[in-house]
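# Coordinate analysis (summary)
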Amino acid sequence: QMQLVESGGGLVQAGGSLRLSCAASGRTFSSYHMGWFRQAPGKEREFVSAIIRVGGSTYYGDSVKGRFTISRDNAKNTVYLQMNSLKPEDSAIYYCAATQLWGLNLPTSYKYWGQGTQVTVSS
């Protein structure tokens, strides 16, 4: 079983920045593609970003492209989401997830999920 623990969420003013971290257990972290999703009240889970296992290719949802950056450090079993120029509509619970499949924008592709971290952006 792979365990994922998010951290770094909190309250931030619009236009500010946060960096989320997701720490993974196990010794096979580098074999997984990693993704970030978010879910706001009353809305479906939304794809935010993903990074392939080697870390060379990244993907972003249209709503965050140009503002968010995903990265990973396989030596630390950690994936990051740097969030800049935050907007109130970015407020959501952010989840990290791991998969060995493709279709990285789809929640159903992911086998393991963290418990989420709350991000609130004030207007």
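Quick summary incoming for the structure in this document.

Criteria and thresholds
- Per chain, residues are indexed from 1 in the order of the written sequence.
- For a predicted model such as this one, the threshold for reporting local features is a pLDDT of at least 70, and the threshold for listing and counting side-chain atom pairs is 80 or more; totals across whole chains, interfaces and linings nevertheless cover every residue.
- Heavy atoms throughout the structure, all of them, feed into the side-chain values; hydrogens and water do not.
- Classification of ring pairs uses Phe, Tyr and Trp, with its six-membered ring standing for Trp, and accepts pairs whose centres are within 6.5 Å; under 30 degrees between planes counts as stacked, over 60 as edge-to-face, and the remaining range as tilted.
- Secondary structure counts use DSSP, requiring at least four H or I residues in a row for a helix and at least two E residues in a row for a strand, with both numbered from the N terminus.
- Think of it in three bands: residues with accessible area under 20% of the maximum for their type are buried, residues over 50% are exposed, and the middle band is partly exposed, with areas taken using a 1.4 Å probe on protein chains only.
- Any two strands between which DSSP finds at least two bridges are classified as paired.
- Each salt bridge in this description consists of a side-chain nitrogen of Lys or Arg and a carboxyl oxygen of Asp or Glu lying within 4 Å of one another.
- Whenever two N or O atoms come within 3.5 Å, that pair is a polar contact, provided that in protein one can donate a hydrogen and the other can accept it, and provided that, for residues adjacent in sequence, both atoms are side-chain atoms.

### Things to note about the packing of aromatic side chains
For the coordinates displayed, the defined rule picks out six aromatic pairs. A ring pair is formed by F37 and F47, whose centres lie 5.6 Å apart and whose planes are at 70°; its orientation type is edge-to-face. One end of the pair, F37, is in strand β4 (residues 33-39); the other, F47, is in strand β5 (residues 46-51), and ten residues separate them in sequence. Each member of the pair, F37 as well as F47, carries the same accessibility label: buried. Clustering of aromatic rings is evident, with ring pairs tying together F37, F47, Y95, Y110 and W113.

### Quick notes on the pairing of strand β11 (residues 117-122)
In summary, the side chains of a regular strand alternate between the two faces of the sheet. Covered by surrounding structure in β11 are T117, V119 and V121 only, the residues Q118, T120 and S122 on the alternate face being uncovered. Here four bridges tie strand β2 (residues 10-13) to β11, and the two strands are oriented parallel to one another. Residue Q13 lies in a different strand from β11, and its bridge partner there is S122. Judged from the three bridges that link them, strand β9 (residues 92-99) and β11 form a sheet pairing that is antiparallel. Following the sheet pairing, I93 is matched in β11 by Q118.

### Some details on the pattern of salt bridges
Think of it this way: side chains of opposite charge can pair up when their charged atoms draw near. For the coordinates displayed, the defined rule picks out four salt bridges. Between D62 and K65 there is a salt bridge, with the nearest N and O atoms lying 3.8 Å from each other. By the burial criterion, D62 is exposed, and K65 matches it. Residue D90 is joined to R67 by a salt bridge in which the shortest nitrogen-to-oxygen separation is 2.7 Å. Here D90, found in the loop between β8 (78-83) and β9, pairs with R67, found in the loop between β6 (58-60) and β7 (68-73); they are 23 residues apart in sequence, far enough to count as distant. Across the pair, exposure class does not vary: D90 and R67 are buried alike. If you follow the salt bridges from partner to partner, you end up with R38, E46, R67 and D90 in one network.

### Structural notes on the side chain of D90
The exposure class of D90 is buried, given its relative accessible area of 1%. Reaching out from D90, the side chain makes a polar contact with the side chain of R38 at a distance of 2.8 Å. Of note is the side chain of D90, whose polar atom sits 2.7 Å from the side chain of R67.

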